[in-house]
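Summary of structural features
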Amino acid sequence: MSEAPVTSIEKPPLLLVIEDSNEDFEAFQRYVRRSPLTIPIYRCVNGDDALAFLYRTDRYADPQSAPRPGLILLDLNLPGTDGREVLRKIKQDDTLKLVPVVIFTTSNNPKDIEACYRQGVNSYIVKPMNFARLKHSIESLIDYWFNTTVLPIDAMEQR
């Protein structure tokens, strides 16, 4: 018996990147563009903006301006509402908790790592300072979340 071939996502879901560093975001975007997938990316630069996007408030009140993400890439060290609080709110909200959240941060503090997993984070990646390792981390992240796993986007689009 042969296995059915793995098919790629016809239209990848939105990737919400919550990152305050322009340099980190530009590096991330550069590597994502090299992917064979065309992944729509929306960026929020702080936790307050991210929560407004996710809850469709303020300038995001129109659902067309804030489509549901299929994956959230979250930095912990954000101005205003930090990533730890954003994660807590996402994972305690019945309409958002299905959205996978990947922490992508410079913090390798064991307390942060444990706290994030206790909150329900799906993955925790420490940003490498070496460009080759950063490239590998981003390529692995994209391949895993957009080629290997099945994201719960259908359930999210109905909300």
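Let me begin by describing the structure that accompanies this report. In this text the structure is predicted, and so the values were computed from the model without any measurement. (Residues numbered from 1 in each chain as written. Predicted model: local features only at pLDDT ≥ 70, side-chain atom pairs only at ≥ 80, totals over all residues. Heavy atoms only, no water.)

1. A closer look at the sheet that holds strand β1 (residues 15-18)
Across the sheet, which stays open at both edges, the five strands sit in the order β2-β1-β3-β4-β5 with parallel pairing between neighbours. Where the open sheet ends on each side, the last strands, each with one partner, are β2 (41-44) and β5 (123-126). The mean inter-strand angle of the sheet, taken between neighbouring strand axes irrespective of direction, is 20°. Bridge count between β1 and β2: four bridges; the pairing is parallel. Bridging across to β2, I18 finds its partner in C44. Along the sheet, helix α4 (residues 110-119) contacts β4 (101-105) and β5; its crossing angle with β5, the most-contacted strand, is approximately 155°. Relative to β4, helix α5 (residues 131-148) is tilted by about 175°, and along the sheet it contacts β1, β3 (71-74), β4 and β5. (Pairing = 2+ DSSP bridges. Helix = DSSP H or I, 4+ residues; strand = E, 2+ residues; numbered from the N terminus. Axes fitted to C-alpha atoms, helices over the stretch in contact; angles between N-to-C directions. Contact = heavy atoms within 4.5 Å.)

2. Quick notes on helix α3 (residues 83-92)
For α3, the complete set of buried residues consists of G83, V86, L87, I90 and K91. The buried side chains of α3 occupy one side of the element, clustering within an arc of 120° when seen end-on. (Buried < 20%, exposed > 50% of the residue type's maximum accessible area, 1.4 Å probe, protein only. Arc of directions from axis to C-beta.)

3. Section: the packing of aromatic side chains
The full count for this structure, using the stated rule, is five aromatic pairs. Ring centres of Y42 and F53 lie 4.7 Å apart, and the angle between their planes is 15°; on these two criteria the pair is classed as stacked. Of this pair, Y42 sits in strand β2 while F53 is found in helix α2 (residues 47-55), placing the two residues 11 residues apart along the sequence. A relative accessible area of 24% means that Y42 is categorised as partly exposed. Owing to a relative accessible area of 0%, F53 belongs among the buried residues under this scheme. Ring centres of Y144 and W145 lie 5.1 Å apart, and the angle between their planes is 90°; this geometry places the pair in the edge-to-face category. Given a relative accessible area of 10%, W145 falls into the buried group. Through pairs of rings, three or more aromatic residues link up here, namely Y42, F53 and Y60. (Phe/Tyr/Trp six-rings, centres within 6.5 Å; stacked < 30°, edge-to-face > 60°.)

4. Let's talk about the nonpolar core
By size, the foremost hydrophobic cluster in this structure holds 25 residues, and its most contacted members are I18, F53, I72, L74, V101 and I103. When residues of this core are traced back to their parent elements, those giving at least two are β1, α2, β3, α3 and β4. Examining the composition of this core, we find that five residues originate from one element, α2, more than from any other. Residues L73, L141, I142 and L151 belong to the second largest nonpolar core, which totals 21 residues. (Core = buried A, V, L, I, M, F, W, Y, C linked by side-chain atoms within 4.5 Å.)

5. Quick look at the side chain of K127
Residue position: K127 is located in the loop between β5 and α5. Among the polar contacts made by the side chain of K127, one reaches the side chain of D24 at a distance of 2.8 Å. When residues no more than four places from it in sequence are discounted, the contact partners of K127 are E19, D24, D75, F104, T105 and T106. (Polar contact = N/O pair within 3.5 Å; in protein donor to acceptor, adjacent residues only side chain to side chain.)

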